[in-house]
Amino acid sequence: MTQLGVTVDGVAYRDDVEPRMLLVHYLRERLGKVGTVVGCDTSNCGACTVLLDGRSVKSCSVLAVQADDRDVTTIEGLADADGTLHPLQQAFHDQHALQCGFCTPGMIMAACDLLRDNPNPSESEVREGIEGNLCRCTGYQNIVRAVQAAAKTTAATS
Amino acid sequence: MTATVERPAEIGQARKRKEDAHLVTGRTTWTDNLTLPGMLHLAILRSPMAHARIANVDVSSARRRPGVIGAFSGQDFKDVQGTIPCAWPVTEDMVNPGHPSIAVDQVNHAGEAVALVVARTKAEAEDALEAIDIDYEPLPVVLDMAAAVRDGAELVHSHLTSNKSFTWAFESGAAGTGGPIEDALRDAEITVHRQFRQQRLIPAFMEPRSTVVQPIGEGVTMWSSTQVPHILRTMLALSLGIPEQKVRVIAPDVGGGFGGKLQVTPEEFLTTLVARRLGKPVKYTESRSESMMSAHHGRDQLQDITLTLTRDGRFTGLDVHLLADMGAYLRLVSPGVPILGAFMFNGIYKIPAYRFVCDGVFTTKTPTDAYRGAGRPEATFAIERIVDEAAAELGVDPMELRRRNWITHDEFPFTTVCGLTYDSGNYEAATDRALELIGWDALRAEQASRRAANDPVQLGLGISTFTEMCGLAPSRILGSLLYAAGGWEHASIRMLATGTVEVVTGSSAHGQGHETAWSQIVADQLGVPFEDVEVIHGDTQSSPKGMDTYGSRSLTVGGTAVVLAAGKVIDKARRVAAHMLEASEDDIEFAGGTFSVRGAPGTGKTIQEIAFNVFAAHDLPEGMEASLDADATFDPESFSFPHGTHLCATEVDTETGRVTIRSYVAVDDIGEVINPLIVEGQVHGGLAQGIAQALFEEAVYDDDGNLTTGTLVDYLVPSAADLPSFVTDRTVSPSTTNPLGAKGVGEAGTIASTPAVVNAIVDALRPLGV
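All of these numbers come straight from a predicted model, not from anything done at the bench. (Residues numbered from 1 in each chain as written. Chains lettered and ligands numbered in written order. Predicted model: local features only at pLDDT ≥ 70, side-chain atom pairs only at ≥ 80, totals over all residues.)

Visitor: Sorry if this is basic, but what is going on with the overall build of chain A here?
Guide: A tally of regular secondary structure across chain A gives five helices and five strands. N-terminal to C-terminal, the α/β element order of chain A is β-β-α-β-β-β-α-α-α-α. Taken over C-alpha atoms, the radius of gyration comes to 15 Å for chain A, in line with the 15 Å a tight globule of 158 residues would show. Along the first, second and third principal axes, the C-alpha set of chain A runs to 45 × 35 × 25 Å. Nonlocal contacts in chain A, meaning residues at least 24 apart in sequence, comprise 61% of its contacts between residues at least 6 apart. (Helix = DSSP H or I, 4+ residues; strand = E, 2+ residues; numbered from the N terminus. Rg over C-alpha atoms; globule rule 2.2 N^0.38 Å. Contact = placed C-beta atoms within 7 Å.)

See the structure below:
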């Protein structure tokens with residue numbers, strides 16, 4: 001067992017974990033952060049995407065111990081404390097960018113990182129930017145719309 | 001038919017979905033999120049061999065691994081595991097070899113369960129699988145359908161006499177629905193014959209399947225990632241002998257299905273068997289790799305199709321012969337999938353004579369079953385492809401050939417050569433709109449100039465003018481096709497004391513947005529606010545009756561049940577209103593949620609006031625129960641037939657083979673629309689899957705019967721970067737087979753788009769001899 005100290009969605013945790021434990025399993029099984037989900041075993045689907053020190057990572061391809069001393073944000077920590085949705089969460093709702101919703105946490109977290117790098121992406125930049133995240137329901141068109149809508153909202157309020 | 005719905009306020013609005021709030025914040029209830037006190041974890045060892053006798057299974061070492069509570073082979077369950085049910089024996093003499101959940105002495109496809117470990121944690125269970133020893137004696141694999149049905153072929157199931165499960169045939173002369181096909185073939189002025197292949201596909205829902213089973217006395221509660229909690233409940237009773245009244249099945253948040261979760265699975269049965277044997281709650285969640293090889297696959301047909309025409313381009317006959325790969329076993333509706341397609345090969349066309357013959361074939365591959373469209377994409381692909389081929393042979397524009405043969409808008413209702421009556425449609429209107437949106441004439445001009453310039457990048461235009469049958473299904477027709485169950489749907493409406501409303505539906509949504517759409521319907525029907533309606537589904541305890549969600553059935557069948565239940569609530573409330581207003585029931589009008597006496601506006605009682613009055617029950621009409629609640633079951637008389645014209649422009653690089661979709665226009669006619677936002681989303685997602693069939697996806701097996709596309713690395717589910725934006729629009733020909741006037745939309749995009757894309761590619765390359 002290895003000791004791990006990590007901040008997740010603003011809360012500090014200290015745990016003993018097996019060195020082989022993946023970050024996504026630590027989040028789900030030890031912290032109950034089941035909003036982050038597992039969709040594959042080859043790092044293709046992106047459903048498990050979280051932010052690690054503000055950058056998106058597929059938490060199935062990061063060991064829990066690699067998050068030691070670092071800051072993790074999951075979909076559960078994205079909205080404001082008063083429940084106000086993050087612009088991307090709001091835009092996904094407004095633009096009907098989700099159907100079953102299983103890919104949505106990862107898609108939103110990946111889009112967070114995309115907008116950090118490129119606050120005003122074109123359609124093709126959004127498509128390239130989220131290509132590591134698979135959705136089987138929406139055909140992506142409304143996801144692209146949502147990311148661009150969130151970019152506009154963010155620009156308008158910052 | 002039932003009366004039409006009054007002019008709606010909510011219906012037709014692009015309401016944002018009620019479902020989204022918990023999904024965008026991660027407050028979800030996926031089955032794998034569930035943890036019960038004392039819960040154990042199941043891991044399944046799967047066969048690496050496609051076809052082999054099992055000489056020995058030794059699980060004794062696995063039992064000694066840390067944290068392991070139980071380790072089992074097929075022998076441990078051979079007397080109690082029953083069989084995975086097949087509810088659709090399509091012919092009286094169909095051969096069903098039975099489908100064990102865990103192999104006992106032979107494996108028939110790679111990925112079949114061969115041993116089980118139950119442990120304290122999932123990691124401990126998976127680790128212990130490594131300690132299991134199995135001796136296999138390999139058997140020859142059976143991979144090629146055409147070879148599998150020849151005399152002397154190696155057998156998948158050695159106790160059977162052939163690899164053929166069934167032959168299902170229809171001929172319009174014999175059925176009395178059209179002329180004899182032999183006459184059409186003999187007298188044909190032009191005969192176009194083609195062979196098409198419908199490759200094997202993997203549904204690839206994003207949420208891997210997961211099941212939690214809690215044994216409670218003689219019974220069980222099962223949470224499962226399923227489209228069909230009600231069917232699952234009945235099948236757990238029938239197949240495993242658990243009294244039905246002691247089985248509760250819950251489908252919590254379910255992450256997509258596309259037909260792939262229209263199943264009663266070996267994994268659900270195995271989790272139940274071990275949970276009951278150990279007397280503990282057990283969870284099983286598959287990995288993606290397990291899902292790819294053990295959840296059922298879709299499509300996989302060899303199509304031999306002949307279209308006969310007159311010299312002036314009138315269709316005279318259609319002759320279809322299919323081989324349909326069932327895989328190693330028959331699952332819930334495996335044999336029925338190609339039979340659903342049997343009624344759709346004629347598409348939107350007037351064809352006087354038709355024959356359809358399908359052989360269901362066993363191979364040593366993963367079983368096939370429903371995948372988005374289920375039979376109809378296969379049929380639509382074949383007819384839309386061969387019409388293009390016929391147009392090329394005749395030297396006629398492919399759209400012109402379609403116009404000469406399609407059913408015109410003034411010919412509806414139209415009874416086809418299959419004996420189905422198409423309710424409504426306007427192929428001319430949808431086509432005209434699609435041609436306008438894509439700028440057809442300009443694209444044709446560009447195509448001509450690129451051809452003339454011998455441009456290495458050629459342009460192709462593809463057409464798909466499709467229809468499909470939706471709203472599965474009239475129980476009477478299902479019975480005539482030997483399906484074991486009915487096709488009705490159930491709904492209940494409960495008026496609560498405070499005037500809010502609970503709607504219980506037997507439909508089981510997994511992304512479709514029923515909570516939103518049903519709320520819109522009920523808000524209009526009862527005149528209550530959209531926000532005051534709560535839709536309850538997906539739990540056989542709170543929603544005890546239902547036939548679940550598949551086959552674009554939920555709105556037309558389940559939504560209609562909601563309308564009928566609302567009508568009964570209004571009838572009861574009218575009686576109370578008459579009593580409260582001291583008027584005759586005949587003089588009570590109901591509009592906008594208020595009952596009033598005809599000719600005396602402003603005197604009314606709202607439905608909420610009446611609900612409270614009934615709750616208090618101090619002063620009810622003589623003999624009336626203190627309840628406004630009502631149940632309704634709707635069984636459609638007929639299907640509904642959405643249609644549309646999809647046009648695709650592709651650029652094909654003749655030097656590299658690269659295909660780029662330049663524009664895609666979909667004009668769909670799905671009748672009346674409850675929520676255009678949801679409809680558009682369904683079309684987009686459907687298009688993505690149909691385009692993926694045309695360009696990206698195929699489940700491939702190697703010569704040893706191993707699935708070589710067993711992960712998302714090898715099986716190309718398209719990303720956002722692989723797909724274009726779509727242009728969508730609608731025309732409206734209301735359905736006449738349900739009071740909402742709605743058709744179905746869940747499968748339309750998938751059904752239409754594969755031939756549109758392939759026709760476009762062939763069109764680009766046809767001058768090169770393709």
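Structure's up, so let's keep going.
Visitor: Whenever I open this one, the nonpolar core confuses me. Can you help?
Guide: Nonpolar side chains tend to gather and get buried jointly when the protein is soluble and globular. Residue and element names in this part refer to chain B. Counting residues in each nonpolar core, the largest one holds 282 residues, and the members touching the most others are Leu116 and Val522. At 12 residues, helix H17 (residues 554–580) tops the list of elements feeding residues into this core. Other than its neighbours up to four places away in sequence, Leu116 contacts Leu42, Ile44, Ala71, Phe72, Ile102, Leu270 and Val274. (Core = buried A, V, L, I, M, F, W, Y, C linked by C-beta atoms within 7 Å. Buried ≥ 20, exposed ≤ 12 C-beta atoms within 10 Å, placed from the backbone.)

Visitor: Could you clarify how one ought to interpret the environment of Phe102 of chain A in this entry?
Guide: Relative to the assigned elements, Phe102 of chain A resides in the loop between helix H2 (87–94) and helix H3 (104–117). On the basis of neighbour counts, which here come to 31 C-beta atoms within 10 Å, the residue Phe102 of chain A falls in the buried class. In this structure the C-alpha to C-alpha distance between Phe102 of chain A and Asn120 of chain A, which are 18 residues apart in sequence, comes to 26 Å. In this structure, Phe102 of chain A is in contact with Val37, Gly39 and Ala47 of chain A together with Met206, Glu207, Gly255 and Gly256 of chain B, ignoring residues within four places of it in sequence.

Visitor: Please clarify how the interface of chain B and chain A should be interpreted in this entry.
Guide: Where interface size is quoted, it is often the accessible area lost as the parts come together. Taken together, the contacts link 40 residues of chain B with 46 residues of chain A. Of all the secondary-structure elements, those providing two or more residues to the side of chain B that touches chain A are helix H1 (20–24), helix H9 (288–294) and helix H19 (676–695) of chain B. When the residues that make up the side of chain B that touches chain A are grouped by side-chain class, the tally is 18 nonpolar, 16 polar and six charged. (Nonpolar A, V, L, I, M, F, W, Y, C, P; charged D, E, K, R; others polar.)

Visitor: I would appreciate a short explanation of the packing of helix H11 (residues 376–394) of chain B against helix H12 (residues 398–405) of chain B in the present structure.
Guide: Helices that pack against each other are described as a pair by the angle of their axes relative to one another and the distance between those axes. Residues and elements named next belong to chain B. Following both chains from N to C, one finds H11 and H12 inclined at 110°, their axes separated by 8 Å at the closest point. Relative to H12, the element H11 lies roughly perpendicular. Seen from H11, the contacting residues are Val387, Asp388, Ala390, Ala391 and Leu394; seen from H12, they are Pro398, Leu401 and Arg402. For the contact of H11 with H12, the class distribution of residues is six nonpolar, no polar and two charged. (Axes fitted to C-alpha atoms, helices over the stretch in contact; angles between N-to-C directions. Parallel < 35°, antiparallel > 145°, perpendicular 65-115°, else oblique.)

Visitor: Before we go on, may I ask you to explain the sheet that holds strand S22 (residues 588–591) of chain B in this structure?
Guide: Pairing between the strands of a sheet comes from backbone hydrogen bonds, and it takes one of two forms, parallel or antiparallel. Residue and element names in this part refer to chain B. Taken in spatial order, the three strands of this open sheet run S22-S23-S24, and their pairing is antiparallel. A strand with exactly one partner marks an edge of an open sheet, and here the two such strands are S22 and strand S24 (605–606). Pairing of strand S23 (residues 594–597) with S24 involves two bridges; the strand directions are antiparallel. From the neighbouring strand, Thr594 faces S24, where its bridge partner is Thr606. (Pairing = 2+ DSSP bridges.)

Visitor: For this particular structure, what's the right way to read helix H18 (residues 607–616) of chain B?
Guide: Since the α-helix turns once every 3.6 residues, residues separated by three or four places project in the same direction. Residues and elements named next belong to chain B. Along H18, the positions that sit buried rather than exposed are Ile607, Gln608, Ile610, Ala611, Asn613 and Val614. Looking at the buried side of H18, the elements it contacts are strand S19 (489–495), helix H16 (514–526), H17, S23 and S24. Note on H18: the residue one or two positions beyond its end, Ala617, has a positive phi of about 60°.

Visitor: What should I look at first to understand the sheet that holds strand S15 (residues 354–362) of chain B in this one?
Guide: Residue and element names in this part refer to chain B. In spatial order, the strands read S7-S15-S14-S13-S8; together these five strands make up an open sheet with mixed pairing. The sheet is open, and its two edges are formed by strand S7 (164–171) and strand S8 (190–201), each paired on a single side. Across the sheet, the mean angle separating the axes of adjacent strands is 10° when strand polarity is ignored. Looking at chain direction, S7 and S15 are connected through seven bridges and run antiparallel. Its bridge partner lying in S15, Thr167 is registered against Asp359. The strands that H11 touches are S8, strand S13 (298–309) and strand S14 (315–327); relative to S8, the one it contacts most, it runs at about 145°.

Visitor: Looking at this structure, how should I read H12 of chain B?
Guide: Residues and elements named next belong to chain B. Those residues of H12 lying buried are Pro398, Met399, Leu401 and Arg402. Summarising the axial view, the buried residues of H12 lie within an arc of 160°, below the 170-degree limit, and thus occupy one face. Buried positions along H12 lie against H11 and strand S18 (457–467). (Arc of directions from axis to C-beta.)

Visitor: Before we go on, may I ask you to explain the packing of H2 of chain A against helix H5 (residues 141–157) of chain A in this structure?
Guide: Residues and elements named next belong to chain A. At their nearest, the axes of H2 and H5 sit 8 Å apart, and the two run at 135° to each other. With respect to H5, the element H2 is oriented oblique. In this structure, the crossing between H2 and H5 has a hand that is right-handed. Every residue of H5 that contacts H2 at Pro87, Leu88, Ala91, Phe92 and Asp94 is listed here: Ala146, Ala149, Ala150, Thr153 and Thr154. (Left-handed = near helix turned anticlockwise from the far one by under 90°.)

Visitor: Explanation requested: unusual backbone geometry in the structure shown.
Guide: Excluding glycine, a negative phi dihedral is what most residues carry, and trans is how most peptide bonds are arranged. Residues and elements named next belong to chain B. In this structure, the amide linkage connecting Phe412 to the following residue, Pro413, adopts the cis form with an omega of -10°. By the secondary structure assignment, Pro413 is in the loop between H12 and strand S16 (414–415). Of note, the bond from Leu472 into Ala473 is cis; its omega dihedral lies within 30 degrees of zero at -10°. With respect to the element layout, Ala473 can be found in the loop between S18 and helix H15 (475–480). Residue Ala204 is not a glycine yet carries a positive backbone phi of 55°.

Visitor: Sorry if this is basic, but what is going on with the pairing of strand S3 (residues 49–52) of chain A here?
Guide: Across a regular strand the side chains alternate sides, sitting on one face of the sheet and then on the other. All names here are of chain A. Of the pairings in the sheet, the one linking S3 to strand S4 (residues 55–58) comprises four bridges and is antiparallel in character. The residue bridging Thr49 from the neighbouring strand is Lys58, located in S4. Once S3 ends, the chain turns through two residues before running back antiparallel as S4, passing Asp53 with a positive phi of about 50°.

Visitor: So what exactly am I meant to see when it comes to the environment of Glu207 of chain B here?
Guide: Looking at where Glu207 of chain B falls in the secondary structure, it is placed in the loop between S8 and strand S9 (210–216). With 84 residues separating them in the primary sequence, Glu207 of chain B and Ser291 of chain B have C-alpha atoms 9.8 Å apart.

Visitor: How should I be thinking about the confidence of the model for chain B in this particular structure?
Guide: Low-pLDDT portions of the prediction should not be read for the details of their coordinates. All names here are of chain B. On average, residues of chain B score 97 in pLDDT, and 99% of them are at 70 or above. Below pLDDT 50 for its whole length, residues 1–7 participates in nine contacts with residues either more than four positions away or in separate chains. Model confidence for the complex: the whole-complex pTM is 0.97, and ipTM, which rates the interface, is 0.98. (pLDDT = per-residue confidence, 0-100.)

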